[in-house]
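Commentary on secondary and tertiary structure
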Amino acid sequence: MFFCHGHRHRCRYFEAMRPILRSDKDLFCVSAWNDNGYHNLVLDPKAAFRTDFFPGLGWMMDKDLWDELRNRWAVAYWDEYMRRPDVRKGRHCIRPEISRSFTFGEEGVSGGQFFKGHLGKIKLNDVMVDWMKQDLSHLASAQAFEDYLTSEIRSAVPATTETVDSFATQAKVLRIQYDDAQYKVSVAQKFGLMPDEKEGIRRMSYRGVIPIAWLTNRIYLHTRSWPHAV
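Bear in mind the structure is a predicted one, so any value in this text is a computation, not a measurement.

Details of the environment of Ser 23
Mapped onto the elements, Ser 23 comes out in helix H1 (residues 8-23). In this structure Ser 23 comes out as exposed when scored by relative accessible area, which is 56%. Once the C-alpha coordinates of Ser 23 and Ala 140 are considered, the two residues, 117 residues apart in sequence, prove to be 8.5 Å apart. Of note is the side chain of Ser 23, whose polar atom sits 3.0 Å from the backbone oxygen of Pro 19.

Considerations on the side chain of Asn 36
Positionally, Asn 36 belongs in the loop between strand E1 (27-31) and strand E2 (48-51). Every residue in contact with Asn 36, bar those within four places of it in the chain, is listed here: Leu 41, Val 42, Leu 193, Arg 203, Met 204 and Ile 210.

As for helix H5 (residues 142-155)
Under the 1.5 Å per step criterion, the end-to-end length of H5 is 20 Å for 14 residues, consistent within 8% with the ideal 20 Å. Among the residues of H5, those classed as buried are Ala 142, Phe 145, Glu 146, Leu 149, Thr 150 and Ile 153. Viewed along the axis of H5, the buried residues span an arc of 135°, placing them on a single side of the element.

Topic: the sheet that holds E1
The strand order E2-E4-E1-E3 describes an open sheet built from four strands, whose pairing is mixed. Strand pairing shows two members of the sheet lacking a second neighbour, E2 and strand E3 (59-60), which therefore form its edges. Bridge count for E2 against strand E4 (residues 92-96) is four bridges, and the pairing is antiparallel. For Thr 51, the partnering residue across the bridge sits in E4 and is Cys 93.

As for the sheet that holds strand E5 (residues 157-158)
Pairing is mixed across the open sheet formed by four strands, whose spatial order is E5-E6-E10-E9. Because the sheet does not close on itself, it has two edges, and the strands there are E5 and strand E9 (210-214). With five bridges connecting them, strand E6 (residues 173-177) and strand E10 (residues 217-222) associate as parallel partners. Looking at E10, one finds that Ile 176 is bridged to Leu 221. Along the sheet face, H5 touches E5, E6 and E10 and points at about 105° away from the line of E10.

Focus: the state of the cysteines
Enumeration according to the criterion identifies one disulfide in this entry. Across the disulfide, Cys 29 is cross-linked to Cys 93 (sulfur-sulfur distance 1.9 Å). Because the sign of the S-S torsion sets the handedness, a value of about 120° for the bond joining Cys 29 and Cys 93 places this disulfide among the right-handed ones. Here the residue Cys 29 occupies a position in strand E1, and Cys 93 occupies one in strand E4, the gap between them amounting to 64 residues. Under the relative-accessibility criterion, Cys 93 is labelled buried at 0%.

Quick notes on the rules
- Residues numbered from 1 in each chain as written.
- Predicted model: local features only at pLDDT ≥ 70, side-chain atom pairs only at ≥ 80, totals over all residues.
- Heavy atoms only, no water.
- Helix = DSSP H or I, 4+ residues; strand = E, 2+ residues; numbered from the N terminus.
- Buried < 20%, exposed > 50% of the residue type's maximum accessible area, 1.4 Å probe, protein only.
- Polar contact = N/O pair within 3.5 Å; in protein donor to acceptor, adjacent residues only side chain to side chain.
- Contact = heavy atoms within 4.5 Å.
- Expected span 1.5 Å × (residues − 1).
- Arc of directions from axis to C-beta.
- Pairing = 2+ DSSP bridges.
- Axes fitted to C-alpha atoms, helices over the stretch in contact; angles between N-to-C directions.
- Disulfide = S-S within 2.5 Å.

The following block contains the structure:
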């Protein structure tokens, strides 16, 4: 049985993703949150992706995962706990491009340390999406998503952080290859992304690929190591 208490946008999203979560052991959560979901970095209310990063802030797990973790649940900072390698075990989460959850206050165990600079800037979806009618086949398995990402990136127009603004308003699919060691001073600074990583994983990334939107264009940030032959 499935229960969702909250806004109908979030409940419809979770309901549609639930069968994928239940059928794919490579998944361990469905999140309603995008850590990179600033107003200027999102575009499509119907878009959803897999990520190696645990987003938190409104998420769903199944009973099997709860049974696995319940006897050693975190005393505090459960989001950091869920990102630990011994907890995640290489599994992924599904997350939307535009967040279906939102935090509206500064109180909590983190003391509001990220609210003004980050959490308060995240866009909350205001478009009704019938997720049951969306094609979610690219999310159905790790292989399906990797095939989807590879196809998207290989067909994308190459760009750099220096040239990306010249594509403004063109609604193109672009790719920008970044050097992991220079991520903070190149990519993160350019797009205003949080530069940190948790347990070696960049926020919202999947095998180093970070999808964002910029000036009406879809952009895939990726490293040299994956996808291959790009």
